[in-house]
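# Structural overview
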Amino acid sequence: MAKKIQAIRGMNDLLPEASPGWQYLEKTVRELLARYGYQEIRMPIVEQTALFKRSIGEVTDIVEKEMYTFEDRNGDSLTLRPEGTAGCVRAAEEHGLLYNQQQRLWYQGPMFRHERPQKGRYRQFHQIGVETFGLNGPDIDAELILLTVRLWRELGILDHLTLELNTLGSAEARADYRQALTTYLQDFYDELDEDSQRRLATNPLRILDSKSASTQKIIEGAPAFDHYLDDESRQHFAGLCQFLDAAGVTYTLNPLLVRGLDYYSKTVFEWTTTALGAQGTVCAGGRYDALVEQLGGKATPAVGFAMGVERLVLLLETLDAFPVELQQQLDVYLAASGQGADVYALLLAERLRSEQPTLRILTHCGGGSFKQQIKRADKSGAQLAILLGENEISQGVASVKHLREDKEQNEVALSELAGFIHQHLQSR
Ligand code: ATP
Ligand code: MG
């Protein structure tokens, strides 16, 4: 036999048994976003490499070591998108959605990062992203957070999530602080972990959220950003906190929350859980007022976030928060045996689907004895089996077998079959 070809490490197949959970999450999010007036946008998965270098930042983890970058046949450098914000800004600018307008957009799809695969961390993973453009007040920051709170509540996981908030101030404030932080950390250079030593020259703010215990100890004595925060950002942040207080949203202020992408300014936030081990951030975002201009557009304020679909699905599974109906994917299994029964069965199934559009009915196809077909029906998870043999066909009836209840088989006239099935499923 030829050697089998396997999937790429860190890139997962989503199997049929898992897809109802994904569909449930995606549907819940899609309907919720519609209730807030957000519109879907779909961007290509591949973009020019320069787009990510310029937006995410040259010295971030993503650009330095995680991107899938390749040359296409024309010699252009292309990259599989590692996140959605850059492409969303590119598309919105390219199609004139930005200047002097307000936009509330969302997208979903796969993202690609060459990270070490582990639970909750993959090389192809999925995000649902939400971005708003043209709105500069803290009210829209608050709306985005309220929207996530409602989503967690409707998914039944709010009690297991914590909201962390911080402000990164203006670019100038960050530059001043960066200077002060670098000066302070230089004295401790030898005691810093390796990553942090490297970041000291390139991206010292990232050292603040280093996972190394010894580095964290040094950070405790570092100058506080609060001292450098500009007035406008301070007011913006106070405004956001007021909105959240008024709405009764609980949050934790985390001055060490800096996020891994360069484009953030002012508000940043993360939703985290302790239920998933180390990969506990399920949703993260913030304001990026400078990005549109940085990518060649007119200055446009923007704020957004992205949630990690795999991590949310894992969390829903861990907390047993999926609705029970999800396990039930089929109502009726239609079995047929005898001369001409196969055509008869297909036509009856079509008729039932027309009469009862919500009915989920599977036609056996492929023949075989009733015994074999009923075995399949049982395995399928359907509530009812409809049996069509030569007797049934000649009399214009169907036999209905109850697969999950200890009940007598019924003989039902075809004209009453849809109503009978409907009533039976309703009463369950
Ligand atoms: P982390 O700190 O966990 O690496 P991040 O800051 O790199 O996350 P973002 O770029 O902000 O993540 O992406 C938003 C969300 O997408 C994360 O909060 C997470 O839920 C999810 N995510 C990011 N990277 C991965 C990955 N490699 N596999 C699965 N989900 C991911
Ligand atoms: Mg990361």
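Remember, it's a predicted structure, so these values are computed and weren't measured experimentally.

Space inside the second largest pocket adds up to approximately 460 Å³. Around the second largest pocket sit 21 residues that line it, and Arg 174, Leu 205, Asp 262, Tyr 263 and Tyr 264 are the ones nearest its centre. Ranked by the residues each element gives to the lining of the second largest pocket, the list is headed by helix H6 (residues 171–186), at four residues.

A few words now on the site of ligand 1. Taken together, 16 residues lie around ligand 1, and Arg 113, Glu 115, Arg 121, Arg 259 and Thr 281 are the ones closest in. Take Arg 113: an N or O atom from its side chain is 2.7 Å from an oxygen atom of ligand 1. The side chain of Arg 121 places a nitrogen or oxygen atom 2.9 Å from an oxygen atom of ligand 1. Taking 580 Å² as the accessible area of ligand 1 by itself, protein coverage stands at 87%.

This part is about the pattern of salt bridges. Evaluation of the coordinates by the stated rule reveals 25 salt bridges. Here Arg 90 and Glu 47 are joined by a salt bridge, their closest N and O atoms 2.8 Å apart. In this pair, Arg 90 sits in helix H4 (residues 85–94) while Glu 47 sits in strand E2 (residues 46–48), placing the two residues 43 residues apart along the sequence. Ionic pairing is found between Glu 232 and Lys 266, a salt bridge with its closest N-O pair at 2.8 Å. Of this pair, Glu 232 sits in helix H9 (residues 231–246) while Lys 266 is found in strand E9 (residues 265–272), placing the two residues 34 residues apart along the sequence. Judged by its relative accessible area of 10%, Lys 266 is buried. Residues participating in the shared-partner salt-bridge network are Asp 141, Glu 232, Lys 266, Arg 287 and Asp 289.

What follows deals with the sheet that holds strand E3 (residues 68–71). Read from one edge of the open sheet, three strands run E2-E4-E3, paired in antiparallel fashion. In this open sheet, the two edge strands, each paired with only one partner strand, are E2 and E3. Across this sheet, the average inter-strand angle for adjacent strands is 35°, counted without regard to direction.

Attention now moves to the packing of H6 against helix H7 (residues 194–202). Remark: H6 packs on H7, axes separated minimally by 10 Å, with the N-to-C direction vectors making an angle of 140°. For the element pair H6 / H7, the angle class is oblique. With respect to the hand of their crossing, H6 and H7 are arranged in left-handed fashion. Mapping the contact onto sequence places Arg 178, Thr 182, Leu 185 and Gln 186 in H6 and Leu 200, Ala 201 and Thr 202 in H7. Residue classes in the contact of H6 with H7 are distributed as three nonpolar, three polar and one charged.

Let us now look at the domain arrangement of the chain. Split into domains, the chain comes out as domain 1 (19–170 + 230–318) and domain 2 (329–426). The straight-line distance from the C-alpha centre of domain 1 to that of domain 2 is 47 Å.

As enumerated under the stated definition, the model contains nine aromatic pairs in all. Pairing Phe 133 with Tyr 288 gives two aromatic rings, centres 6.3 Å apart and planes at 80°, and the pair type is edge-to-face. With a gap of 155 residues between them, Phe 133 in strand E6 (residues 124–133) and Tyr 288 in the loop between strand E10 (281–287) and helix H10 (291–294) connect regions that are remote in the sequence. Feature note: the residues Phe 133, Tyr 263, Tyr 264 and Tyr 288 constitute an aromatic cluster, connected by ring pairs.

So, on to the sheet that holds strand E11 (residues 302–308). Taken in spatial order, the eight strands line up as E1-E5-E6-E11-E10-E9-E7-E8 in an open sheet, and their pairing is mixed. Two strands close off the open sheet at either side, each with one partner strand: strand E1 (39–40) and strand E8 (252–253). Bridge count between strand E7 (residues 162–167) and E8: two bridges; the pairing is parallel. Bridge pairing in E8 places Glu 164 opposite Thr 252. Helix H5 (residues 138–155) contacts strand E5 (103–112), E6, E7, E9, E10 and E11 of the sheet and is inclined by roughly 20° relative to E11. Packed on one face of the sheet, H9 meets E7, E8, E9 and E10 and runs near 160° to E7.

Here is what the cut-offs are and how they apply
Residues numbered from 1 in each chain as written. Chains lettered and ligands numbered in written order. Predicted model: local features only at pLDDT ≥ 70, side-chain atom pairs only at ≥ 80, totals over all residues. Heavy atoms only, no water. 1 Å grid on protein atoms, 1.4 Å probe; cavity = no way out; pocket = protein on both sides within 12 Å on 5 of 7 lines; lining within 4 Å. Points joined across faces, edges and corners; volume = space filled by probe spheres on them. Helix = DSSP H or I, 4+ residues; strand = E, 2+ residues; numbered from the N terminus. Near = heavy atom within 4 Å. Polar contact = N/O pair within 3.5 Å; in protein donor to acceptor, adjacent residues only side chain to side chain. Areas by Shrake-Rupley, 256 points an atom, 1.4 Å probe, with all protein chains shown as cover. Salt bridge = Lys/Arg side-chain N within 4 Å of Asp/Glu carboxyl O. Buried < 20%, exposed > 50% of the residue type's maximum accessible area, 1.4 Å probe, protein only. Pairing = 2+ DSSP bridges. Axes fitted to C-alpha atoms, helices over the stretch in contact; angles between N-to-C directions. Parallel < 35°, antiparallel > 145°, perpendicular 65-115°, else oblique. Left-handed = near helix turned anticlockwise from the far one by under 90°. Contact = heavy atoms within 4.5 Å. Nonpolar A, V, L, I, M, F, W, Y, C, P; charged D, E, K, R; others polar. Domains from an automatic or database assignment. Phe/Tyr/Trp six-rings, centres within 6.5 Å; stacked < 30°, edge-to-face > 60°.

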